[in-house]
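# Examining the three-dimensional arrangement
Residues per chain are reported as follows:
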Amino acid sequence: MISYKVETQIEKDAKLHLFYRWGAELVDRLHAQGHWADITDPMSGMALFTSSGPSLYPDVEGAEVLLRYTPINLGSCFVMSHPQWGTHVYPATAFTTK
């Protein structure tokens, strides 16, 4: 999803909003069970449902370190490359104590 075409931007926006809806449902369900949970905004790295601390969470770097995915340097940013789907992915992260 590294293309700058209008169609690609529309797909990225749709995937981002899908993640927001999924994340809100996940957080609500886990909170109802007594667990802490949050998701990070892939655009900013900030927590969406709790107070953010002084650090942002970089999804691409997290995928590199925790999942051993290979990042691609585009000059102004890094893009995640999934082993099966390549760059046709949108990295996003959820955290929980469950």
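Report follows, based on the coordinates. (Residues numbered from 1 in each chain as written. Predicted model: local features only at pLDDT ≥ 70, side-chain atom pairs only at ≥ 80, totals over all residues. Heavy atoms only, no water.)

A count of helices and strands for the chain gives two helices and four strands. Seen in sequence order, the chain has helices and strands lined up from the N terminus as α-β-α-β-β-β. Here the chain, with 98 residues, has 29% of them falling under the buried criterion. Total accessible area on the chain is roughly 6,900 Å²; 59% of this is exposed by carbon and sulfur atoms. One way to put it: in the chain the 7 positive side-chain charges average out to a point 6 Å from where the 10 negative ones average out. (Helix = DSSP H or I, 4+ residues; strand = E, 2+ residues; numbered from the N terminus. Buried < 20%, exposed > 50% of the residue type's maximum accessible area, 1.4 Å probe, protein only. Areas by Shrake-Rupley, 256 points an atom, 1.4 Å probe, with all protein chains shown as cover. Lys, Arg positive; Asp, Glu negative; His and termini not counted. Charge placed at Lys NZ, Arg CZ, Asp CG, Glu CD.)

Here the focus is the pairing of strand β3 (residues 78–81). Each regular strand carries side chains that alternate between the two faces of the sheet. Here strand β2 (residues 70–73) runs beside β3; their pairing, made up of four bridges, is antiparallel. Within β3, the residue paired with N73 across the bridge is F78. Remark: four residues form the turn of the hairpin made by β2 and β3, two consecutive strands paired antiparallel; G75 in that turn has positive phi of roughly 100°. (Pairing = 2+ DSSP bridges.)

Turning our attention to the pattern of salt bridges. When the charged atoms of two side chains with opposite charge come close together, those side chains can pair. Inspection of every chain in the model, using the stated rule, returns one salt bridge. R29 serves as the salt-bridge partner of E25, at 2.6 Å between the closest nitrogen and oxygen. Placement of the pair is E25 and R29 together in helix α1 (residues 6–32), with a separation of four residues, close to one helical turn. With relative accessibility at 40%, the residue E25 sits in the partly exposed group. (Salt bridge = Lys/Arg side-chain N within 4 Å of Asp/Glu carboxyl O.)

Before going further, it helps to examine the layout of surface pockets. In this structure, the largest pocket occupies an estimated 630 Å³ of space. Forming the walls of the largest pocket are 26 residues, and the residues nearest its centre are P42, M43, F78, Y90 and P91. Those elements that provide at least two residues to the lining of the largest pocket are α1, α2 (59–67) and β3. For the lining of the largest pocket, the leading source of residues is α1, giving four residues. Taken together, the residues of the lining of the largest pocket sort by class into 18 nonpolar, five polar and three charged. (1 Å grid on protein atoms, 1.4 Å probe; cavity = no way out; pocket = protein on both sides within 12 Å on 5 of 7 lines; lining within 4 Å. Points joined across faces, edges and corners; volume = space filled by probe spheres on them. Nonpolar A, V, L, I, M, F, W, Y, C, P; charged D, E, K, R; others polar.)

One non-glycine residue, R68, lies in positive phi territory at about 65°. Within the secondary structure, R68 sits in the loop between α2 and β2. In this structure R68 comes out as exposed when scored by relative accessible area, which is 68%.

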